[in-house]
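# Structural description and commentary
Single-letter residue listing:
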Amino acid sequence: MESLFEAVPFLSAYRLSFLVLAGVSLITLIQNFATAPLAFVNDEQVPGVPVRFDHSKLSFRALRTYANSAETFPAFGWALLMAIVAGVSPAVVNWLAGGYFVSRIAFWIVYYLGVGKPAGGLRTMVFVAGLLCNFGLAGAAIWFLLPNFG
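Overview of the structure.

Cut-offs applied
- Residues numbered from 1 in each chain as written.
- Predicted model: local features only at pLDDT ≥ 70, side-chain atom pairs only at ≥ 80, totals over all residues.
- Heavy atoms only, no water.
- Helix = DSSP H or I, 4+ residues; strand = E, 2+ residues; numbered from the N terminus.
- Contact = heavy atoms within 4.5 Å.
- Areas by Shrake-Rupley, 256 points an atom, 1.4 Å probe, with all protein chains shown as cover.
- Lys, Arg positive; Asp, Glu negative; His and termini not counted.
- Charge placed at Lys NZ, Arg CZ, Asp CG, Glu CD.
- Buried < 20%, exposed > 50% of the residue type's maximum accessible area, 1.4 Å probe, protein only.
- Salt bridge = Lys/Arg side-chain N within 4 Å of Asp/Glu carboxyl O.
- Polar contact = N/O pair within 3.5 Å; in protein donor to acceptor, adjacent residues only side chain to side chain.
- Axes fitted to C-alpha atoms, helices over the stretch in contact; angles between N-to-C directions.
- Parallel < 35°, antiparallel > 145°, perpendicular 65-115°, else oblique.
- Left-handed = near helix turned anticlockwise from the far one by under 90°.
- Nonpolar A, V, L, I, M, F, W, Y, C, P; charged D, E, K, R; others polar.

## So, the overall build of the protein
For the protein, the helix and strand inventory stands at 5 helices and 0 strands. Of the regular secondary structure in the protein, the N- to C-terminal order runs α-α-α-α-α. Projecting the C-alpha coordinates of the protein onto the three principal axes gives extents of approximately 55 × 35 × 25 Å. The long-range fraction of contacts in the protein, counting pairs at least 24 apart against all pairs at least 6 apart in sequence, stands at 69%. When the accessible surface of the protein is totalled, it reaches about 8700 Å², and 74% of it is carbon and sulfur. Side-chain charges of the protein comprise 8 positive and 6 negative groups, with the mean position of each set lying 11 Å from the other.

## Considering the side chain of R104
Take R104: it is sitting in helix α4 (residues 90-113). No salt bridge is formed by the buried R104. Its closest oppositely charged neighbour is E71, at 7.9 Å. At 2.7 Å, the side chain of R104 forms a polar contact with the side chain of N68. Apart from residues no more than four positions distant in its own chain, R104 is found in contact with N68, S69, T72 and F127.

## Things to note about the side chain of Q31
Mapping Q31 onto the fold places it in helix α2 (residues 15-40). Among the polar contacts listed, one links the side chain of Q31 to the side chain of S69, at a separation of 2.6 Å. What Q31 contacts, discounting residues up to four positions off in sequence, is T65, Y66, S69, W108 and Y112.

## Concerning the packing of α2 against α4
Across the interface, α2 lies against α4 with an axial gap of 9 Å and an inter-helix angle of 15 degrees. Comparing the axis directions of α2 and α4 gives the class roughly parallel. In this structure, α2 meets α4 at a crossing whose hand is left-handed. Together, L16, S17, V20, G23, V24, I27, Q31 and L38 of α2 and V93, N94, A97, G98, Y100, F101, I105, W108 and Y112 of α4 make up the contact between the two elements. Looking at the contact of α2 with α4 residue by residue, the class counts come to 12 nonpolar, 5 polar and no charged.

Right, dumping it as structure tokens:
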């Protein structure tokens, strides 16, 4: 056996979702690594000290973008895995995972560039789009698990 996809063939239909999960994980790790040069090199932020609030500073936006990714990634990962385990349609899971990925990429770009208002603007809209995809995954997982409960 070379992969879990060979041992459990039905998982192959979810390959795109697993790719998204790995991609979101990798990007979050890259963001973590990038916080040092983007936030600390120019002394705008101090390691170990609460973030200095200033949306106009890339240092603030870099730290908050990474923190947001770290905060939202576990909920996405678990919702995705539970939807797959519950047997939610691969098409639904893959579309929702893809939608989540696209919205997160848009969120990161908008946040890093500092485009729009800090709240209620474009950044909020793309964040909510990803959140809705995540709600869809979690809701579908629960829906498919309920009939078999007990």
